[in-house]
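Residues per chain are reported as follows:
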Amino acid sequence: MCKPGNGTAPVIKRKHSLLLTKESFDFSDEKTSDGKTPFTPAPTVISSYMTILFHVLVLCVIEYITNFVFGKFQHVHPLMEVEKNRGILARHFGVDLYALGTCSILGLKNASVCKNVFDRAFGRSNSMPEAGYEARLFTYHPGAQQLLLFFLAYNVKNLYDSYVWEDGPEFIFHHVVSIIVAWNGMYPGCGHFYAIFFMGISEISTCILCILASFDDEYGVVGLGAAFPITKIVLGVVFAISFIICRAILWPLFSYYIMKDSRLAFKVKSEKLEGRKFAIIVILTICAALTLLQAVWLVQIIVQGRDEIMALLEKS
């Protein structure tokens, strides 16, 4: 915060409210009591807590309604007659598809924020100058704050679901890490330029994956893949293409630039690092680990895709 000369700390008075629109996240015109720009124009923490709880409850209601609808149409296929199967599908479609689809849409709606990286990917060499590192790392974007909050709320719900459905410790760890990264992006606030891609646009591939997972005997409905083999293969191909674009090509590019900008910020000892050093270190550490995982997952996709194709050829 700014240090006033009269010995009185600058005060910002904001009302606590549900944050349901992009505009509700925008406090860019606000000033402190001494007439200066606040450390961060983000909403109050209590408002964020309230909105996270609201989104989690909405996801629970959507999941319940989806499960109810599947129950009404259980006569469509024998697999739908099993209550557990309906629960799995309700989770994948009512929670995962809805939430990841929302994250993807929020990312695409705010893609102009990080368009310079896309420009760089298509050959515009001067679109990511080093001089712009502070703007990319520390500029507050209401759309990114909205995305981070919803992404965090979804992972809170998914953390609970992973425990209930016994997904395994690796999934629980992933959701905890996602919550930590999202919160550090919100408070103290940093990396909004990059959050648009990492928590939004990149989730397009995950959105397709959550549908594909329904056809997997381990993570979805046992027998659904065998009942609809062509659908499973088509989804697999679409997912593979989206993964290559979002995760194998764009993800490393965005990772490179957020690490480059952060390294420069530490090197020149940017004043805007004050209060954000720990958050950036946490985000970079997790980003580096996830970037390595993209390569591992790409190999797994190639191997599994080859096996699926070979199995299909044998049957034909």
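Above this text you will find the structure in question.
The structure displayed is predicted, hence computed values, not measured ones. (Residues numbered from 1 in each chain as written. Predicted model: local features only at pLDDT ≥ 70, side-chain atom pairs only at ≥ 80, totals over all residues. Heavy atoms only, no water.)

Caption draft 1: Local environment of the overall build of the protein. Along the backbone of the protein there are 11 helices and zero strands. Reading the protein from its N terminus to its C terminus gives the helix and strand order α-α-α-α-α-α-α-α-α-α-α. Against the compact-globule benchmark of 20 Å for 316 residues, the protein has a radius of gyration of 22 Å, which places it among compact chains. Dimensions of the protein along its principal axes, counting C-alpha atoms only, are 80 × 45 × 30 Å. In the protein, buried positions account for 46% of the 316 residues. Across the protein, contacts joining residues at least 24 apart in sequence account for 78% of those joining residues at least 6 apart. (Helix = DSSP H or I, 4+ residues; strand = E, 2+ residues; numbered from the N terminus. Rg over C-alpha atoms; globule rule 2.2 N^0.38 Å. Buried < 20%, exposed > 50% of the residue type's maximum accessible area, 1.4 Å probe, protein only. Contact = heavy atoms within 4.5 Å.)

Caption draft 2: Representation of helix 8 (residues 203-212) within the structure. Among the residues of helix 8, those classed as buried are Glu203, Ser205, Cys207, Ile208, Cys210 and Leu212. Those residues of helix 8 hidden inside the fold are in contact with helix 2 (83-109), helix 5 (142-164), helix 7 (192-201) and helix 10 (229-267).

Caption draft 3: Spotlight on the environment of His192. Summarising the element assignment, His192 is placed in helix 7. Taking C-alpha positions, His192 is 6.2 Å from His141, a pair spaced 51 residues apart along the chain. Among the polar contacts listed, one links the side chain of His192 to the side chain of Gln145, at a separation of 3.2 Å. (Polar contact = N/O pair within 3.5 Å; in protein donor to acceptor, adjacent residues only side chain to side chain.)

Caption draft 4: Broad picture of the pattern of salt bridges. Taken as a whole and judged by the stated rule, the model has six salt bridges. Across the salt bridge formed by Lys157 and Glu63, the nearest N and O atoms sit 2.8 Å from each other. Note that Lys157 is positioned in helix 5 and Glu63 in helix 1 (residues 45-72), a separation of 94 residues in sequence. Like Glu63, Lys157 is buried. (Salt bridge = Lys/Arg side-chain N within 4 Å of Asp/Glu carboxyl O.)

Caption draft 5: Broad picture of a nonpolar patch on the surface. A cluster of nonpolar residues, Val61, Tyr64, Ile65, Phe68, Val69, Phe73 and Val76, forms a patch on the protein surface that exposes about 720 Å² of accessible area. Overall, Val76 belongs to the exposed group, its relative accessible area being 59%. (Patch = residues over 30% accessible without salt bridge, like charges linked within 9 Å, V, L, I, M, F, W, Y side chains within 5 Å. Areas by Shrake-Rupley, 256 points an atom, 1.4 Å probe, with all protein chains shown as cover.)

Caption draft 6: Spotlight on the nonpolar core. Core analysis: the largest hydrophobic core is formed by 61 residues, its most contacted members being Tyr194, Phe198, Met199, Phe254 and Ile258. Sequence-distant contacts of Phe198, defined by excluding residues within four places in its chain, comprise Glu203, Trp251, Phe254, Ser255, Ile258 and Cys287. Counting 14 residues, the second largest nonpolar core, distinct from the first, contains Phe70, Leu89, Leu235 and Phe239. (Core = buried A, V, L, I, M, F, W, Y, C linked by side-chain atoms within 4.5 Å.)

Caption draft 7: Seen up close, helix 10. Compared with the 57 Å implied by 1.5 Å per residue over 39 residues, the 54 Å span of helix 10 between its first and last C-alpha is a close match. Maximal helix bending in helix 10 amounts to about 40°, located at Leu250; proline Pro252 follows within four positions. In the segment just after helix 10, Lys269 is the residue with positive phi, at about 55°. (Expected span 1.5 Å × (residues − 1). Bend = angle between axes of the 7 residues up to and from the residue.)

Caption draft 8: Local environment of the environment of Phe171. Relative to the assigned elements, Phe171 resides in helix 6 (residues 169-189). Relative accessible area serves as the criterion here: at 29%, Phe171 is assigned to the partly exposed category. Taking C-alpha positions, Phe171 is 19 Å from Gly94, a pair spaced 77 residues apart along the chain. Setting aside residues up to four positions removed in sequence, Phe171 forms contacts with Ser162 and Tyr219.

Caption draft 9: A look at empty space enclosed by the protein. Across all of its chains, the model carries two cavities of 30 Å³ or more by this definition. Contributing to the lining of the largest cavity are 11 residues, with Phe138, Tyr140, Gly189, Cys190 and Arg276 lying nearest its centre. Breaking the lining of the largest cavity down by element, the ones donating at least two residues are helix 4 (133-138) and helix 6. Broken down by class, the residue content of the lining of the largest cavity amounts to five nonpolar, five polar and one charged. Here the second largest cavity defines a volume of roughly 30 Å³. Residue lining of the second largest cavity: Leu137, Cys190, Gly191, Ile258, Ser262, Ile280, Ile283 and Leu284, and that is the complete set. For the lining of the second largest cavity, the elements supplying multiple residues, two or more each, are helix 10 and helix 11 (277-315). Top element by residues in the lining of the second largest cavity is helix 11. It accounts for three residues. (1 Å grid on protein atoms, 1.4 Å probe; cavity = no way out; pocket = protein on both sides within 12 Å on 5 of 7 lines; lining within 4 Å. Points joined across faces, edges and corners; volume = space filled by probe spheres on them. Nonpolar A, V, L, I, M, F, W, Y, C, P; charged D, E, K, R; others polar.)

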